[in-house]
Amino acid sequence: MHALPYLIDLPKILDDRGNLSFLQESDQIPFEVKRAYWIYDVPGGEVRGSHAFYRSHELIIALSGSFDVVVHDGSEEHVFSLKRSYYALYLPPMNWRTLRDFSTNSLAFVVASTEYHESDYIRSFETFQMAAGSPPCPNGHSS
Ligand code: TYD
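Here the structure is a predicted model, which is why all the values come from computation and not from measurement.

Student: For this particular structure, what's the right way to read helix H2 (residues 125-132)?
Tutor: In an α-helix there are 3.6 residues to a turn, and that puts residues three or four apart on one side. Turning to H2, its buried residues number three or more, namely Phe-125, Phe-128, Gln-129 and Ala-132. One side of H2 carries all its buried residues, which in axial view fall inside an arc of 95°. Of the exposed residues in H2, the ones pointing more than 90 degrees away from its buried face are Glu-126 and Met-130. On its buried side, H2 packs onto strand E5 (48-53), strand E7 (67-72), strand E10 (96-100) and strand E12 (121-122). At the exit of H2 stands Gly-133, carrying a positive phi of roughly 95°.

Set out below in structure tokens:
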């Protein structure tokens, strides 16, 4: 059975001049960081993601605005609503994830454990379910 996603409560340095949060590899990130990318200027109603990774671990943070990360672990779906920059969603490999319901001006920041390799992507939900060890859903899947 593969690992499940969970939320990480990041440090908050509260200050009258403005607050500060951070992540550093040894404390808040449960993998070695190889890459960061970010998703922005998402038109209303658009959906990003809808894939899984064979090997890559990720942390996803809503640095600005809000969006939902819908995660399917092969048997169950979980919805994580990200709207605070001091929460990071940890996504181990082999979790199908879709980012949706982006607010205006939202900024999704992602740190990843691998460099970009298209071969690490699973872009078919059926392939994902077979690899995750569950039979395909008889009604299909809409993510
Ligand atoms: P992709 O991860 O497929 O985005 P989404 O799943 O949200 O549609 O990335 C879109 C394109 O961006 C992909 O075809 C290749 C490119 N890309 C990179 O070159 N490097 C990266 O680190 C990422 C994440 C994407």
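Student: I keep staring at the packing of aromatic side chains and nothing clicks. Help me out?
Tutor: Aromatic rings considered in pairs are described by the distance between their centres and by the relative angle of their planes. All told, the structure shown has 10 aromatic pairs when counted by the stated rule. The interplanar angle of 75° and the centroid separation of 4.8 Å between the aromatic rings of Phe-53 and Tyr-121 together place this pair among those described as edge-to-face. Of this pair, Phe-53 sits in strand E5 while Tyr-121 sits in strand E12, and the two are 68 residues apart along the sequence. No difference in accessibility class separates Phe-53 from Tyr-121, as the two residues are buried. With 5.8 Å between their ring centres and 45° between their planes, Phe-125 and Phe-128 make a pair best called tilted. Residue Phe-125 and its partner Phe-128 are located together in helix H2, separated by three residues, close to a single helical turn. When sorted by exposure, Phe-125 lands in the same class as Phe-128, which is buried. Aromatic ring contacts, followed pair by pair, group Tyr-6, Phe-31 and Tyr-90 into a single cluster.

Criteria and thresholds
Residues numbered from 1 in each chain as written. Predicted model: local features only at pLDDT ≥ 70, side-chain atom pairs only at ≥ 80, totals over all residues. Heavy atoms only, no water. Buried < 20%, exposed > 50% of the residue type's maximum accessible area, 1.4 Å probe, protein only. Helix = DSSP H or I, 4+ residues; strand = E, 2+ residues; numbered from the N terminus. Arc of directions from axis to C-beta. Contact = heavy atoms within 4.5 Å. Phe/Tyr/Trp six-rings, centres within 6.5 Å; stacked < 30°, edge-to-face > 60°.

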